[in-house]
Amino acid sequence: MNASSLLRLCAAAMLVAFAACNQPSAEKAFDVAVLNTNMIVGFAHTGMERALESPSAKMGKTKDEVVQMKREEVVDDKRKFAEANYEKLKAFSQTDETKDIIQKSIALHELVLPVYKNEYMQLAKLYDSHAAEHEVEKVKKAIHNQYFLKFEAAYNELINSGQLYAKKHGIEVRWEL
């Protein structure tokens, strides 16, 4: 075998290895595409409303200090998680087996990300600036009215596909809430 043939063989082996690295296992595809959407459940509905009405606490400047998160931080954390998950989904090689759950999850992420960046950030700023309650309610209602049914439909489609995928691949999941 000459050097040119050896070089072509090595390049082909590297391409196969690279493709295999981007092809997730059945469980990994399920975890990223379906289970990670648990972090956005409540979108355009009561879950996100509660998170903004009563934000979590975080460590302050000293180890003994605990402070309430700003609402902008709450929204930004949700956005960052969704963006990171979205990037993972886009990096996966899709097979006939994973295509449905990956594409449905990507679509779900593409629905929520702009809303986190825009409408939810606007709502968070209203909360953080102690805006009048009617202003906050107006934006909350607008988010719910514009996005909840779309989110619920896309999420339910993903979960239904995820249940079939999990069953087919022997992935044990408790679906009860």
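Residues numbered from 1 in each chain as written. Predicted model: local features only at pLDDT ≥ 70, side-chain atom pairs only at ≥ 80, totals over all residues. Heavy atoms only, no water.

Peer 1: How should the packing of helix H2 (residues 26–33) against helix H6 (residues 133–168) be read in this particular structure?
Peer 2: Two measures define how a pair of helices packs: the angle their axes make with one another and the distance between the axes. Here H2 crosses H6 at 165°, and the two axes come no closer than 11 Å. In terms of axis orientation, H2 runs roughly antiparallel to H6. The hand of the H2/H6 crossing is left-handed. Facing Ala 26, Ala 29, Phe 30 and Ala 33 of H2, the residues of H6 in contact are Leu 158, Gly 162, Tyr 165 and Ala 166. Across the contact of H2 with H6, the residue classes break down as seven nonpolar, one polar and no charged. (Axes fitted to C-alpha atoms, helices over the stretch in contact; angles between N-to-C directions. Helix = DSSP H or I, 4+ residues; strand = E, 2+ residues; numbered from the N terminus. Parallel < 35°, antiparallel > 145°, perpendicular 65-115°, else oblique. Left-handed = near helix turned anticlockwise from the far one by under 90°. Contact = heavy atoms within 4.5 Å. Nonpolar A, V, L, I, M, F, W, Y, C, P; charged D, E, K, R; others polar.)

Peer 1: Before we go on, may I ask you to explain the packing of aromatic side chains in this structure?
Peer 2: In this description, a pair of aromatic rings is defined by centroid distance and the angle of the planes. Overall, the coordinates contain five aromatic pairs when judged by the stated rule. Here Phe 43 and Tyr 116 contribute two aromatic rings whose centre-to-centre distance is 5.5 Å and whose plane-to-plane angle is 90°, an arrangement assigned as edge-to-face. Residue Phe 43 is located in the loop between H2 and helix H3 (46–53), and its partner Tyr 116 is located in helix H5 (residues 99–128); the two are separated by 73 residues in the primary sequence. Tyr 116 gets classed as buried once you look at its relative accessible area, which sits at 1%. Measuring from centroid to centroid gives 5.2 Å for Phe 43 and Phe 151, while their planes differ by 45°, and the two rings are tilted. Of this pair, Phe 43 sits in the loop between H2 and H3 while Phe 151 sits in helix H6, and the two are 108 residues apart along the sequence. Residue Phe 151 is classed as buried on the basis of its relative accessible area, which comes to 4%. Within the aromatic cluster, the residues linked to one another by ring pairs are Phe 43, Tyr 116, Tyr 120, Phe 151 and Tyr 155. (Phe/Tyr/Trp six-rings, centres within 6.5 Å; stacked < 30°, edge-to-face > 60°. Buried < 20%, exposed > 50% of the residue type's maximum accessible area, 1.4 Å probe, protein only.)

Peer 1: I keep staring at empty space enclosed by the protein and nothing clicks. Help me out?
Peer 2: Empty space among the atoms becomes apparent when a probe as large as a water molecule is rolled across them. Throughout the structure, instances matching the rule amount to one cavity of 30 Å³ or more. Taken as a whole, the largest cavity encloses approximately 40 Å³ of empty space. Forming the boundary of the largest cavity are Ala 44, His 45, Met 48, Glu 49, Leu 52, Tyr 120, Leu 123, Lys 140, Ile 143 and His 144. Those elements that provide at least two residues to the lining of the largest cavity are H3, H5 and H6. Classifying every residue of the lining of the largest cavity gives six nonpolar, two polar and two charged. (1 Å grid on protein atoms, 1.4 Å probe; cavity = no way out; pocket = protein on both sides within 12 Å on 5 of 7 lines; lining within 4 Å. Points joined across faces, edges and corners; volume = space filled by probe spheres on them.)

Peer 1: Would you take a moment to explain the packing of H2 against H5 for this structure?
Peer 2: It is at 9 Å that the axes of H2 and H5 come closest, and there the two elements cross at 20°. Accordingly, the angle class assigned to the pair H2 and H5 is roughly parallel. Helix-helix and strand crossings are classified by hand; for H2 and H5 the assignment is left-handed. Across the interface between the two elements, Ala 29, Phe 30, Val 32 and Ala 33 from H2 touch Ile 101, Ile 102 and Ser 105 from H5.

Peer 1: What's the story with the side chain of Lys 140 in this structure? I'm lost.
Peer 2: Within the secondary structure, Lys 140 sits in helix H6. Dropping the residues within four chain positions of it, Lys 140 is found in contact with Glu 49, Glu 53, Leu 123 and Tyr 127.

Peer 1: What exactly am I supposed to notice about the confidence of the model for the protein chain here?
Peer 2: As a general rule, the predicted coordinates of low-pLDDT regions are not to be interpreted in detail. With 86% of its residues at a pLDDT of 70 or more, the protein chain shows a mean pLDDT of 88. The element-level mean pLDDT for the protein chain is lowest in helix H1 (residues 3–22), coming to 44, with H5 highest at 98. Taken together, the stretch residues 9–21 has pLDDT below 50 and engages in two contacts with residues farther than four places along the chain or on a different chain. (pLDDT = per-residue confidence, 0-100.)

Peer 1: So what exactly am I meant to see when it comes to the pattern of salt bridges here?
Peer 2: A side chain of one charge can pair with a side chain of the opposite charge if their charged atoms are brought near each other. Going through the model one piece at a time under the given rule, you end up with 10 salt bridges. Notably, a salt bridge pairs Lys 168 with Glu 97, separated by 3.1 Å at the nearest N-O pair. With Lys 168 in helix H6 and Glu 97 in the loop between helix H4 (71–91) and H5, this residue pair connects regions lying 71 residues apart in the sequence. Take Glu 97: its relative accessible area is 36%, and that puts it in the partly exposed class. What you see here is one network of salt bridges that share partners, running through Asp 76, Arg 79, Lys 80, Glu 83 and Lys 117. (Salt bridge = Lys/Arg side-chain N within 4 Å of Asp/Glu carboxyl O.)

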